[in-house]
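# Descriptive analysis of the structure
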Amino acid sequence: MKPTDIGAPDYFHKVVDCQWACPAHTPVPEYIRLIAAGRYDDAYMVNWHSNVFPGILGRTCDRPCEPACRRGRVEENNGEKPEPVAICRLKRVAADNKGDVKARMPKPAAKKNGWRIACIGAGPASLTVARDLAPLGYHVTVFDQDPQAGGMIWSQIPRFRLPMEVIDEEVGYILDLGVEFKGGVKIDSMKKLIEQSYDAIFVGSGAPRGRDLDIPGRREAAKNIHIGIDWLSSVSFGHTDRIGRRVIVLGGGNTAMDCCRSSKRLGGEDVKVIVRSGFEEMKASPWEKEDAQHEGIPILNYLVPKTFEHKDGKLTGMTFEKVKAVRDDKGRRNLVPTGEPDQHFECDDVLVAVGQENAFPWIERDAGIQFDQHGMPVVDKVTMQSTQPKIFFGGDSAFGPKNIIWAVAHGHDAAISIDKLLNGEDIQSRPSPIVNLSSQKMGIHEWSYDNAISPDERYKVPWKDKTITLKNIKVEVELGFDPLTGFKEAQRCLNCDVQTVFADKLCIECDACVDICPMDCITFTQNGEESDLRTRLTAPARNPTQDLYVSGPLKTGKIMAKDEDVCLHCGLCAERCPTGAWDMQKFLLDLTHAGHGCRAPQKKAA
């Protein structure tokens with residue numbers, strides 16, 4: 001293998017698994033250390049710079065960072081199931097405990113640059129575009145059919161998960177940058193908007209249409225059959241404040257979990273979720289399913305809806321066919337009937353939450369925007385540009401339903417593209433991130449970070465009593481970590497951004513680092529092909545998705561190979577090394593956002 005180029009921005013970025021997995025690439029260990037130090041304002045701003053909505057995401061993020069967390073891979077015999085650091089909930093700790101950070105926010109541009117940007121939809125993708133471009137002098141106008149900015153953040157996420165004051169605060173930070181918000185304005189023609197001579201248009205309209213279920217009885221019992229996302233919006237607007245005593249929720253995603261928990265608070269006494277797949281295959285996040293079950297809501301699996309039962313135009317129940325999962329010769333899963341009798345459940349209302357679709361009836365097909373066979377716009381996955389050069393898409397409207405943090409990432413990318421386009425640059429040429437490596441050495445055995453490994457199991461987030469939360473849909477269920485628990489949870493972080501950096505010219509091959517390494521991840525051996533080398537390490541490196549750190553040739557002709565997959569970043573190798581061949585260096589990656597940093601350097605005149 002060739003020596004590892006640690007100067008490549010993505011090398012250590014990939015080693016910081018949580019940051020690598022986050023679509024917005026938030027520097028997770030950096031803000032967790034700040035929380036442990038009680039520097040909540042700083043921790044909040046690190047988040048805000050990257051993911052825009054720390055308080056909102058600290059309650060609602062889909063947490064792609066947590067399955068990637070190294071903590072879950074390296075723990076042994078610590079509980080039945082090793083748990084990652086509670087990264088998402090620590091984000092909320094920063095938001096809940098910060099002071100007044102308004103003075104640290106960007107100021108509205110003192111002078112406009114003359115370019116006008118329209119954002120359709122006031123959800124997280126559009127708001128991110130507005131936040132990135134408004135301080136640069138762009139006049140950004142955000143349109144939304146709803147009277148309040150936030151998109152699905154405020155219209156579909158229940159208040160018991162996300163209080164209104166958190167939304168108001170973080171959306172307000174963006175609107176205060178000089179963004180023009182036009183609420184209650186529905187864009188019904190892309191061609192008419194184009195005629196208004198905007199310099200660029202960003203479409204962040206989400207996936208606003210819930211899928212229906214066309215089975216017998218749907219039309220006759222329509223009065224008591226509701227599309228899940230529409231029903232949640234109606235609850236948020238205050239148009240709906242009650243539901244029948246017996247409720248069936250169809251679907252296994254997060255929307256279904258919000259529907260069943262909301263129903264429980266609006267009069268539903270017998271609320272059940274019925275899903276055609278198995279429990280493990282449900283698309284809902286594991287914690288969302290646990291929360292529903294904690295509130296006494298049963299989840300029934302492998303039941304396929306057959307009919308809505310009705311009498312005199314009124315819904316009376318539903319009939320389901322029992323199925324099982326069977327895999328074919330190619331390993332594909334199919335649901336086949338078990339042959340058992342159909343199951344019938346009585347109900348007063350049904351909430352259909354079986355998926356969401358994009359709807360673009362307002363975009364004329366001769367507006368220059370190409371659509372694929374699924375009715376989705378053809379969008380460049382790097383630049384977010386459509387086939388109409390000045391029109392960009394992001395969030396659910398670009399690639400279908402995902403989550404808030406993906407929408408934020410799309411917004412950042414689109415803002416870079418718009419800024420480069422209007423400055424006459426190639427938008428395919430993307431800016432490199434800013435990368436810093438700084439030694440943490442303060443003495444022979446001292447580091448400027450706490451490298452002790454906490455043995456604690458993951459801390460549970462406390463809940464308000466169910467007797468209170470189930471009576472009021474606006475009472476937040478999760479209380480969040482208090483500062484002490486937040487500190488203890490932060491101590492579980494392994495500081496994966498503090499890298500073990502090896503200087504082969506200083507190594508005397510004494511094997512002191514090998515002897516002291518608690519994970520046996522350092523090996524001195526003969527070089528070879530990667531597939532062979534991985535099997536010859538002291539502890540075989542079986543995860544090919546994580547790189548090996550390979551040195552240049554040493555004095556004996558051997559090389560040092562370290563398995564990055566299970567390294568604890570504890571610093572014992574650097575403490576033990578008699579020559580200083582090992583050092584602990586903090587890696588900080590800061591993605592470049594729209595502005596001068598994303599543009600090509602200007603050549604000086606001769």
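Below, the structure is looked at part by part. Remember, it's a predicted structure, so these values are computed and weren't measured experimentally.

Taken N-terminus to C-terminus, the directions of helix H8 (residues 87-97) and helix H19 (residues 483-490) make an angle of 145 degrees; their axes are 10 Å apart at the nearest point. Between H8 and H19 lies a crossing whose hand is left-handed. Taken together, the residues of H19 that come into contact with H8 (itself represented by Leu 90, Val 93 and Asn 97) are Pro 483, Gly 486, Glu 489 and Ala 490. Taken together, the residues that form the contact of H8 with H19 break down as four nonpolar, two polar and one charged.

On to the sheet that holds strand S1 (residues 116-120), then. Spatial ordering of the open sheet is given by S3-S2-S1-S4-S16, a layout of five strands whose pairing is parallel. Two strands lie at the open edges of the sheet, namely strand S3 (180-183) and strand S16 (391-393), each paired on one side alone. Along the sheet, successive strands turn relative to each other by an average axial angle of 20 degrees, direction set aside. As paired elements, strand S2 (residues 139-144) and S3 share four bridges and run parallel to each other. Residue pairing for S3: Asp 144 is matched across the bridge by Gly 183.

With that settled, the discussion passes to unusual backbone geometry. At Ser 197, a position not held by glycine, the phi torsion is positive, near 60 degrees. Phi angles above zero are rare outside glycine, and Asp 520 is one such case at about 55 degrees. Following the sequence through the fold, Asp 520 ends up in the loop between helix H20 (512-516) and strand S19 (522-525). Classification of Asp 520 by relative accessible area gives partly exposed; the value is 36%.

The next subject is the nonpolar core. It is characteristic of soluble globular proteins that their nonpolar side chains tend to be buried jointly. The biggest cluster of nonpolar side chains holds 65 residues, and the ones touching the most others in it are Leu 133, Val 140, Met 190, Leu 193, Ile 201, Val 203 and Phe 393. Per element, the largest residue contribution to this core is eight residues, and it comes from helix H17 (residues 404-422). By size, the runner-up hydrophobic cluster in this structure holds 61 residues, among which are Val 15, Trp 48, Leu 554 and Phe 587.

Let us look at the side chain of Asn 51. Within the element layout of this structure, Asn 51 appears in helix H4 (residues 40-51). For Asn 51, a relative accessible area of 1% puts it in the buried group. One polar contact links Asn 51 to Thr 26, side chain to side chain, over a distance of 3.3 Å. Beyond its immediate chain neighbours, meaning those up to four positions away, Asn 51 contacts Ala 24, Thr 26, Leu 57, Lys 91, Ile 405 and Val 408.

Moving on, we get to the pairing of strand S14 (residues 349-352). Along any regular strand the residues' side chains alternate between the sheet's two faces. Residues of S14 alternate between two faces, with Asp 349 and Leu 351 on one and Val 350 and Val 352 on the opposite face, all of them buried. Bridge count between strand S6 (residues 225-227) and S14: three bridges; the pairing is parallel. Each bridged residue has a counterpart across the sheet, and for Ile 227 the counterpart in S14 is Val 352. Here strand S7 (residues 246-250) runs beside S14; their pairing, made up of four bridges, is parallel.

On to H8. Most of H8 is tucked away: nine of the eleven residues are buried. Those residues of H8 lying buried are Ile 87, Cys 88, Arg 89, Leu 90, Lys 91, Arg 92, Val 93, Ala 94 and Ala 95. For H8, the elements touching its buried residues are helix H2 (17-21), helix H3 (28-36), H4, helix H5 (54-60), helix H6 (65-68) and H19.

All right, on to the environment of Arg 219 then. Turning to its location among the elements, Arg 219 is positioned in the loop between strand S5 (209-210) and S6. Since its relative accessible area comes to 77%, Arg 219 is described here as exposed. A sequence separation of 47 residues divides Arg 219 from Gly 172, and the C-alpha atoms of the two residues are 42 Å apart.

Calculation notes
- Residues numbered from 1 in each chain as written.
- Predicted model: local features only at pLDDT ≥ 70, side-chain atom pairs only at ≥ 80, totals over all residues.
- Heavy atoms only, no water.
- Axes fitted to C-alpha atoms, helices over the stretch in contact; angles between N-to-C directions.
- Helix = DSSP H or I, 4+ residues; strand = E, 2+ residues; numbered from the N terminus.
- Left-handed = near helix turned anticlockwise from the far one by under 90°.
- Contact = heavy atoms within 4.5 Å.
- Nonpolar A, V, L, I, M, F, W, Y, C, P; charged D, E, K, R; others polar.
- Pairing = 2+ DSSP bridges.
- Buried < 20%, exposed > 50% of the residue type's maximum accessible area, 1.4 Å probe, protein only.
- Core = buried A, V, L, I, M, F, W, Y, C linked by side-chain atoms within 4.5 Å.
- Polar contact = N/O pair within 3.5 Å; in protein donor to acceptor, adjacent residues only side chain to side chain.

Interpretation note: all reported values are geometric properties and have no functional meaning in isolation.
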